[in-house]
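Chain by chain, the residues:
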Amino acid sequence: MAITLRRDEWVVAVLVGYIALFSALVVEVSGNGLLRWALYATVAPLVAAALLPLRHTLMISVLSLAAAACIYGVALPVISVGGRVVVITGVALAGVISVAVCRVRMRIMVARHRLSLLSEASEHLGRTLDVTQTAWELAEVTVPAFADYVSVDLFDAVLKGREPPTKPFTEPIALRHVAHRPDPPGRTDGELKAEKNRKEEGLWGVSLPARYLTACAPARASYVDTTDIERWLARDHTVQKDAYRMRSAIAVPLCAGGRALGTVTLLRHRPPRPFDTDDLALAADIGTRAAICLDNARRYARERDTALVLQRSLLPRHMPELAAAEMASRYIPASHSAGMGGDWFDVIPLSGARVALVVGDVVGYGLHASATMTRLRAAVRTLADIDLQPDELLTHLNDVVLRLSTESRPVHEADTDDTAGEVGATCLYAVYDPIAGRCTLASAGHLPPAIVTPDHDAQIVDTPLGPSLGLGNLPFESVDVHVPEGSLLALYTDGLIREHHSDLEGGLQELLQALSIPESSLEGRCRAVLGALLDDQPADDVALLMARTRVLDADHVATWDVPTDPAAVADTRAHASDQLTAWGLEDAVFTTELIASELVTNAIRYAQSPIQLRLILEEHSLICEVSDGSTTTPHLRRARTYDEGGRGLFIVAQLAERWGTRHGRHGKTIWAELITGPAPVTLP
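The structure displayed is predicted, hence computed values, not measured ones.

## Thoughts on the confidence of the model for the protein
Then, number 1: Scored by pLDDT, the protein comes out at a mean of 79, with 79% of its residues at no less than 70.
Then, number 2: Every residue in residues 185-189 scores below 50 in pLDDT, and together they form four contacts with partners more than four places removed in sequence or on other chains.
Then, number 3: Low pLDDT (under 50) marks residues 196-208, which in the prediction has 35 contacts with non-local residues, meaning those over four places away or in another chain.

## Remarks on helix H6 (residues 131-142)
Then, number 1: Its 12 residues place the ends of H6 17 Å apart at the C-alpha level, agreeing with the 16 Å of an ideal helix rising 1.5 Å per residue.
Then, number 2: Along H6, the residues that are buried comprise Val131, Thr134, Ala135, Trp136, Glu137, Leu138, Ala139, Val141 and Thr142.
Then, number 3: Its side-chain oxygen 3.3 Å from the backbone nitrogen of threonine 132, aspartate 130 forms the N-cap of H6.

## Observations concerning the sheet that holds strand S21 (residues 658-664)
Then, number 1: Pairing is antiparallel in the open sheet, where five strands are placed in the order S18-S19-S20-S22-S21. Both edges of this open sheet fall to strand S18 (557-562) and S21, since each of them pairs with a single strand only. When the angles between neighbouring strand axes are averaged without regard to direction, this sheet yields 15°.
Then, number 2: Here seven bridges tie S21 to strand S22 (residues 667-675), and the two strands are oriented antiparallel to one another. Opposite threonine 661, over in S22, you have isoleucine 670 as the bridge partner.

## Digging into unusual backbone geometry
Then, number 1: Residue proline 144 is reached from valine 143 by a cis peptide bond, and omega for that bond is 0°.
Then, number 2: Mapped onto the secondary structure, proline 144 falls in the loop between H6 and strand S1 (149-154).
Then, number 3: Cis geometry marks the peptide bond from serine 609 to proline 610; its omega dihedral reads 5°.
Then, number 4: The backbone of alanine 353 shows a phi angle near 65°, a positive value even though the residue is not glycine.
Then, number 5: Relative to the helices and strands, alanine 353 is located in the loop between strand S8 (342-349) and strand S9 (355-362).
Then, number 6: Relative accessible area serves as the criterion here: at 4%, alanine 353 is assigned to the buried category.
Then, number 7: The residue histidine 456 is not glycine, and still its phi comes out positive at about 65°.
Then, number 8: By the element assignment, histidine 456 lies in the loop between strand S12 (450-452) and strand S13 (458-460).

## Quick notes on the environment of histidine 368
Then, number 1: Within the fold, histidine 368 resides in helix H13 (residues 367-385).
Then, number 2: Judged by relative accessible area, histidine 368 falls into the partly exposed class, the value being 25%.

About the thresholds
Residues numbered from 1 in each chain as written. Predicted model: local features only at pLDDT ≥ 70, side-chain atom pairs only at ≥ 80, totals over all residues. Heavy atoms only, no water. pLDDT = per-residue confidence, 0-100. Contact = heavy atoms within 4.5 Å. Helix = DSSP H or I, 4+ residues; strand = E, 2+ residues; numbered from the N terminus. Expected span 1.5 Å × (residues − 1). Buried < 20%, exposed > 50% of the residue type's maximum accessible area, 1.4 Å probe, protein only. Polar contact = N/O pair within 3.5 Å; in protein donor to acceptor, adjacent residues only side chain to side chain. Pairing = 2+ DSSP bridges. Axes fitted to C-alpha atoms, helices over the stretch in contact; angles between N-to-C directions.

Structure representation (structure tokens):
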């Protein structure tokens, strides 16, 4: 087996050979001029002082002195006593000077190494706002440059973004092992990477660092001998101390803002010298910098978790069961480095068995974006309740965003709140009508939706792109699209298609390919799309909303034209009674007759033609609608004792589960919804 020598060993071997050859040469050519040859006896110690560590320099100096004493003191009697004293004294003085120079050089090298280590720690620590990643960065910085083994242990609350426990601490302390890095011989980079990816579970009791955590002062760290190391590492990793023959250790409390976050334990077995006081100061300085980075990551994790909880609490947790479409959705938060965004989606049931599909994206990240998203989502729901057209709804929503921007501007120059400023967002609002089989949609700076027909033809819907919300009072335009039954509508945010593509066209084409993947269920389709387009940690928030459309046919919808004759009210009651009997809803006949009679009567008396009565059967409800050509909105009022009118809408409001009015392009529709329980007719 080949023997490999290090640089220091090569230099020692060369210098020892030089001393031996020089000694043999001096003895061989003994005679006059030996004192002049004695000058070369000081070369080896001086070279050792410039190239070797202290112990090797001391060894070379001793060998040089021994060789000079043997040659000039014993082997060569021709030299006078004074000459012998001069030569041996000169070689001894050269050795002393070499040791002193080596000590100064080693101190300078150690100081440079420590400064380099501090610089590297400042550069590498805190590159990500992730507590676990920062702990691993601390481990990578200190091993093997400073120690041979490091263990980073933190309070469980720190990992969860909460406030760490307050002192005084009682022993033992429950800490969670977050990161460690050994430096054993033969450990490959792949094995170290596997150690990093392996997550530690459970809380471990650590007894000795309790007093350091209570003091929360890095100056209290101290080096110990091998007998104390077992108490310092109360976990399975203590088996490694025997393999490494650890000789000394340092425990540094990680404190920031006067609060302890955890400890970092450093162990050393190579070189044999223990940690000294300078090492303690260096470890305390690195620990202080690491604690600041860990505390920043903890605070960011708390803010991010708060924003995520706020956002998830406001997004739909369960898709509603609607006759218009089958729904599925996904929301993927951004990675820790990117921050929490303001993406949102919503599914809003509307009158007439219709459904509104909404997806939006607020500009910015953090709590401010989540709070803005909350206000915009509430505004969209409020505007949707009055059944506005998509372009009209976005116009009103744009006004809301402009008011929010005005409110968010700082009032005083001293107001340095980073969240203050302009508010911007994009939004796509689509309304699907299962009776007409059409979808009306409008976009405010948002990406267009995708549609996949039953014959697996995937395409992007040609949607007029309006301005983003908050850019001024600019008009929006809606488009009406025919949607075949069984088609798939996909609404999404830009984080889905811009993960791997900087250009928009490339991302849209990849989205269409992912949507074309055959999948029986919508949930499976969502998983397939996200798996094809996203990494494990996306750089931006992703919201995906999918809807498989249905169409309500003549078995679920009944429509009658009503003449403007009061005598027609009796006919409408008869039509409604016959239709409910055909649907098997005899229990709802009386209530429906009364509601239809009141609504038709009001339309004949106060509105204008054309008048139409429509009954819509859903799985758990029945909708009664009366449309007319008037744009006047009826109002519910309390009729006095002797009033001749004003009781019709009051009766409708008392009998119906919900009721309301929506305006169209050429009139209005008054609707009332009744809860009937499971319908005997199976919906498509």
